[in-house]
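Letter by letter, the chains look like this.
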Amino acid sequence: MPCFHWKDKYTYPYKTDYPPQEEEDAASDVTEGHDDDDQMYEGEYQGIPHPDEIKEARRAARREARMKARMAAEVEEETLPDQYESIMEDCGHGRFQWTLFTVLGLALMADGVECFVVSFALPSAEKDMCLSNADKGMLGLLVYVGMMIGAVLWGGLADKLGRRQCLLYALAINCIFSFLSCFAQSYGFFIFFRLGSGIGIGGSIPVVYTYYAEFLQMDKRGEHLSWLCLFWMLGGLYASFTAWGIIPHYGWGFSMGTEFQFHSWRVFVLVCFLPSVAALAGLVFMPESPRFLLETARHDEAWMILKQVHDTNWRAKGEPERVFQVSQIKMPQAQDDEFIEIQSETGTAFQRFMVRHMTLVKQVMKNLMSLAAPDLRLHGLFIAIVWFTMAFSYYGLGAWFPDQIKYLQFEEYESNVKIFHREKVERFHFNFTLQNQVHKEGEYIHDRFIDIEIRNVKFEESLFENCYFEDVRSTDTFFENCTLKNTVFYNTDLWEDSKFINCKLENTTFLHPKKGCHLNFQEQNDILIYLVSFLGSLSVLPGNIIAGLLMDKIGRLKIIGGSMLGSAGCTFFLLLCFSQWAVVFFQCLFFAASAAAWNGIEVITVELYPASKRATAFGVLNGTCKLAAIISTFTFGKVIGITKIIPIILSFSALVCGGLLAFKLPETREVILQ
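None of these values were measured; they are calculated from a predicted model. (Residues numbered from 1 in each chain as written. Predicted model: local features only at pLDDT ≥ 70, side-chain atom pairs only at ≥ 80, totals over all residues. Heavy atoms only, no water.)

Asker: Would you mind going over the overall build of the protein chain with me for this structure?
Answerer: Across its full length, the protein chain holds 25 helices and 18 strands. A buried classification covers 48% of the 674 residues belonging to the protein chain. If you take every contact in the protein chain between residues at least 6 apart in sequence, the share linking residues at least 24 apart comes to 67%. Of the roughly 32,300 Å² of accessible surface on the protein chain, 60% is carried by carbon and sulfur atoms. (Helix = DSSP H or I, 4+ residues; strand = E, 2+ residues; numbered from the N terminus. Buried < 20%, exposed > 50% of the residue type's maximum accessible area, 1.4 Å probe, protein only. Contact = heavy atoms within 4.5 Å. Areas by Shrake-Rupley, 256 points an atom, 1.4 Å probe, with all protein chains shown as cover.)

Below is the structure:
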């Protein structure tokens, strides 16, 4: 609305220095038709304002002054985002953004790899470490627990310490713990190192998207953040391809006695942390986000970085003479760091350390609690539900697909089991593989089992007398209610406390038992499992491309809602999964339909929150995503082989609710980053 001064509204005659006018020119239109007495009376009244009118004029002036002050304050708050957007438009989009795109893409790729490492390595690791089903389930869930903690931790710190600095810390922790996990021989150390690795890499998604978005102008933001999602897909492809090429080759390793084993799956884990190393090396040469620096009152550093972006882009475009013309940037006044600096000048080094870090913790917690402010609460709740429902379905079904394939393989395997009943074998030399067999009430006398593999074999109520076992490797092999007399086990992994159930052992000896559950890895690691993950990762490519092309044309909400509702429709096709290849096909269909929703969710999360809370909010929401992954993975895993209805109903309901709720979010396509 137009501004005006109160004097324009309330005017009173007063003596002026204007030259005298002629009488007929000075006559007022209002006084025409009145006699001279009336004119004299009105003139006298107008020259002496009533006291009430004066008070009212003063009150109006005060109201106008307060309104202008409020408008000035609002303009002052909006100046920085508007000016920053203008600066980024002046800097252009070019070589600098593409370089940063590659570096941050490698960090995002490392996150994608982390989601697959344990699932690929576990079938082999469980044999080296003899993991139980409970141990395997705990290991898979703890990776997501670590990523959930890391998302909240690094997201909160990134708003106080800086985007680049926190991403450096997170990637360094991921590299260190990933490297150590390659050599961990015990289950306890391995699970601890993978948890630490997850905490490190958990910060990549919230910090990467926040960091990159602050170098993009409004009309480029949706498209290029969507292209960044392609690196997560590349992480899945990289993990699948390297697992396929490395793990089945059991000879790619070495051992030092029976205490230290370094088999092919450890080589795979070692190779998988290379994207994180590459991202860490590239990030060393990247600057901090100038938007963060302005929020923390570091004006000079921000100006230098913006000039660097400007000069890098325009030199690459062949215009090196173009000058960066920004001289002043208005910024909010930051006060949190002042308390730290005052305290740092007193006390011992330990006291200064504690003061700094306790203050940092308080600031992070305060920022975290501010997400519940009235202006952010409702939209924050809506987008948290969208994150949760999308992750619940995606990660739950993502774990259900390969488990369902394994179950179908197991059913086919079980249908071909060979049963031997009351066989009697005497003085026989077993030098061939025993596989998928059940032996009931058999008798084995003076038999020799040397340098063989025994897979999925069960001996029930059988007698072993004067038998000799040497260099035997086994998996899923048990002796139940058997009697063993004068039998020797030399250099085998048939352990007395785990392989023999309710057995009677008479003069039976176990010499030099093997550590680990040794097995022919090449045959046990089914190529189909790697192919399933490879195709599943590749299938998201069409969704990523569609999202990148349409994100800035049709808006975020239509991308998210349409993709989630389309994914919900795909879940009903899971009822038709009666073969392994049917599961593979519908997995690819589901991942392709849901990819665009992930892009939209991540883009709108960046744009919905102000710079001072952006990484914190993203970290909390990504932590919510990992919590949903834990719940759905555990739930869906419990019904494998029992029913398909529960995963289908839960996934469909979650996707429909989240897809419909997404349309209630504010559209941020043409909104300047606050």
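Asker: Help me understand a nonpolar patch on the surface, please; the structure alone is not making it clear to me.
Answerer: A surface patch of nonpolar side chains, amounting to about 880 Å² of accessible area, comprises Phe572, Phe573, Leu575, Leu576, Phe578, Phe585, Leu589, Ile645 and Ile649. Taken together, the elements giving at least two residues each to the nonpolar patch come down to helix H23 (580-608) and helix H25 (645-662). The exposure class of isoleucine 645 is partly exposed, given its relative accessible area of 46%. (Patch = residues over 30% accessible without salt bridge, like charges linked within 9 Å, V, L, I, M, F, W, Y side chains within 5 Å. Salt bridge = Lys/Arg side-chain N within 4 Å of Asp/Glu carboxyl O.)

Asker: For this particular structure, what's the right way to read helix H21 (residues 541-554)?
Answerer: The α-helix winds at 3.6 residues per turn, so residues separated by three or four positions along the chain end up facing the same way. Between its terminal C-alpha atoms H21 stretches 19 Å, which fits the 20 Å expected from 14 residues at 1.5 Å a residue. Of all the bends in H21, the largest measures some 35 degrees and sits at glycine 548. For H21, the set of buried residues is Gly543, Asn544, Ala547, Gly548 and Met551. Those residues of H21 hidden inside the fold are in contact with helix H10 (218-228), helix H11 (230-246), helix H22 (556-571) and H23. Following H21 by one or two positions, glycine 555 adopts a phi angle in the positive range, close to 100 degrees. (Expected span 1.5 Å × (residues − 1). Bend = angle between axes of the 7 residues up to and from the residue.)

Asker: Help me understand the sheet that holds strand S15 (residues 488-490), please; the structure alone is not making it clear to me.
Answerer: Strand-to-strand pairing in sheets goes through backbone hydrogen bonds, with the strands running parallel or antiparallel. Here five strands make up an open sheet; going across it, the order is S5-S8-S11-S15-S18 and the pairing parallel. Of all the strands in the sheet, just strand S5 (429-430) and strand S18 (509-511) have a single pairing partner and so form its edges. Here strand S11 (residues 468-470) runs beside S15; their pairing, made up of three bridges, is parallel. Looking across to S15, one finds that glutamate 470 is bridged to tyrosine 490. (Pairing = 2+ DSSP bridges.)

Asker: Explanation requested: the environment of methionine 365 in the structure shown.
Answerer: As for its placement among the helices and strands, methionine 365 is situated in helix H17 (residues 349-369). A residue is classified by how much of its surface remains accessible, and methionine 365, at 42% relative accessible area, is partly exposed. In the structure, methionine 365 is positioned 251 residues away from threonine 616 in sequence and 9.8 Å away in space, judged by C-alpha atoms.

Asker: Sorry if this is basic, but what is going on with the packing of H10 against H11 here?
Answerer: Each pair of packed helices can be described by the angle between their axes along with the distance between the axes. Viewed as axis vectors pointing N to C, H10 and H11 meet at an angle of 5 degrees, and their least axial separation amounts to 4 Å. For the element pair H10 / H11, the angle class is roughly parallel. Seen from H10, the contacting residues are Ser226, Trp227 and Leu228; seen from H11, they are Leu230, Phe231 and Trp232. Along the lines of polarity and charge, the residues of the contact of H10 with H11 split into five nonpolar, one polar and no charged. (Axes fitted to C-alpha atoms, helices over the stretch in contact; angles between N-to-C directions. Parallel < 35°, antiparallel > 145°, perpendicular 65-115°, else oblique. Nonpolar A, V, L, I, M, F, W, Y, C, P; charged D, E, K, R; others polar.)

Asker: How should the side chain of aspartate 111 be read in this particular structure?
Answerer: Topologically, aspartate 111 is positioned in helix H5 (residues 95-129). Comment: no salt bridge for buried aspartate 111; closest opposite-charge side chain is lysine 626, at 5.2 Å. Among residues more than four places away in sequence, those in contact with aspartate 111 are Met147, Ile201, Ser204, Ile205 and Trp232. (Lys, Arg positive; Asp, Glu negative; His and termini not counted.)

Asker: Looking at this structure, how should I read the packing of aromatic side chains?
Answerer: The full count for this structure, using the stated rule, is 49 aromatic pairs. Ring centres of phenylalanine 101 and phenylalanine 231 lie 5.3 Å apart, and the angle between their planes is 70 degrees; on these two criteria the pair is classed as edge-to-face. In this pair, phenylalanine 101 is assigned in helix H5 and phenylalanine 231 in helix H11, connecting sequence segments 130 residues apart. As far as the burial class goes, phenylalanine 101 and phenylalanine 231 line up, both buried. Where phenylalanine 500 meets phenylalanine 510, the ring centres are 5.7 Å apart and the plane angle is 70 degrees; that geometry is what we call edge-to-face. Here phenylalanine 510 lies in strand S18 and phenylalanine 500 lies in strand S16 (residues 500-501), a separation of 10 residues in the sequence. Assessed through its relative accessible area of 10%, phenylalanine 500 is described here as buried. What makes phenylalanine 510 partly exposed here is its relative accessible area of 22%. In this structure an aromatic cluster arises from ring pairing among Phe428, Phe430, Phe432, Tyr444, Phe449, Phe459, Phe464, Phe469, Phe479, Phe489, Phe500 and Phe510. Taking the ring centre of tryptophan 314 as reference, the NZ or CZ of lysine 317 above it sits at 4.6 Å. Just above the ring of phenylalanine 478 sits the side chain of lysine 499; from NZ or CZ to the centre is 5.6 Å. (Phe/Tyr/Trp six-rings, centres within 6.5 Å; stacked < 30°, edge-to-face > 60°. Lys NZ or Arg CZ within 6 Å of the ring centre and 35° of its normal.)

Asker: I keep staring at the nonpolar core and nothing clicks. Help me out?
Answerer: Among soluble globular proteins, nonpolar side chains are generally buried collectively. By size, the foremost hydrophobic cluster in this structure holds 152 residues, and its most contacted members are Tyr209, Phe268, Leu283, Tyr394 and Tyr395. Taken domain by domain, this core gets at least three of its residues from each of domain 1 (76-321) and domain 2 (333-371). Core analysis: the second largest hydrophobic core is formed by 19 residues, Phe449, Phe459, Cys467 and Val472 among them. (Core = buried A, V, L, I, M, F, W, Y, C linked by side-chain atoms within 4.5 Å. Domains from an automatic or database assignment.)

Asker: Explanation requested: the sheet that holds strand S7 (residues 443-445) in the structure shown.
Answerer: Spatial strand order, S4-S7-S10-S14-S17: five strands in an open sheet with parallel pairing. Lying at the two open borders of the sheet, with one neighbouring strand each, are strand S4 (424-426) and strand S17 (504-506). Here the strands of the sheet are splayed against their neighbours by 5 degrees on average, with no regard to which way each runs. Direction of pairing for S7 relative to strand S10 (residues 463-465): parallel, over a ladder of three bridges. Directly across from glutamate 443, in S10, lies its bridge partner leucine 463.

Asker: Which parts of the structure should I look at to understand unusual backbone geometry?
Answerer: Most peptide bonds are trans, and most residues other than glycine sit at a negative phi. Its identity as a non-glycine residue notwithstanding, asparagine 456 has a phi of 50 degrees, on the positive side. Structurally, the position occupied by asparagine 456 is in strand S9 (residues 453-460). On the basis of relative accessible area, asparagine 456 is assigned to the partly exposed category, the value being 23%. The phi torsion at asparagine 486 lies on the positive side, around 50 degrees, for a residue other than glycine. By secondary structure assignment, the location of asparagine 486 is in the loop between strand S14 (483-485) and S15. The class of asparagine 486 is partly exposed, set by a relative accessible area of 35%.

Asker: Whenever I open this one, the pairing of S9 confuses me. Can you help?
Answerer: Looking along a regular strand, one sees the side chains alternate between the two faces of the sheet. The pairing of strand S6 (residues 434-440) with S9 spans six bridges and is classified as parallel. Paired with lysine 440 across the strands is glutamate 460, a residue of S9. Looking at chain direction, S9 and strand S12 (residues 473-475) are connected through three bridges and run parallel. In the sheet register, glutamate 453 faces S12, and the bridge partner there is arginine 473. Relative to strand S13 (residues 478-480), S9 runs parallel, the two sharing three bridges. Residue glutamate 460 lies in a different strand from S13, and its bridge partner there is glutamate 480.

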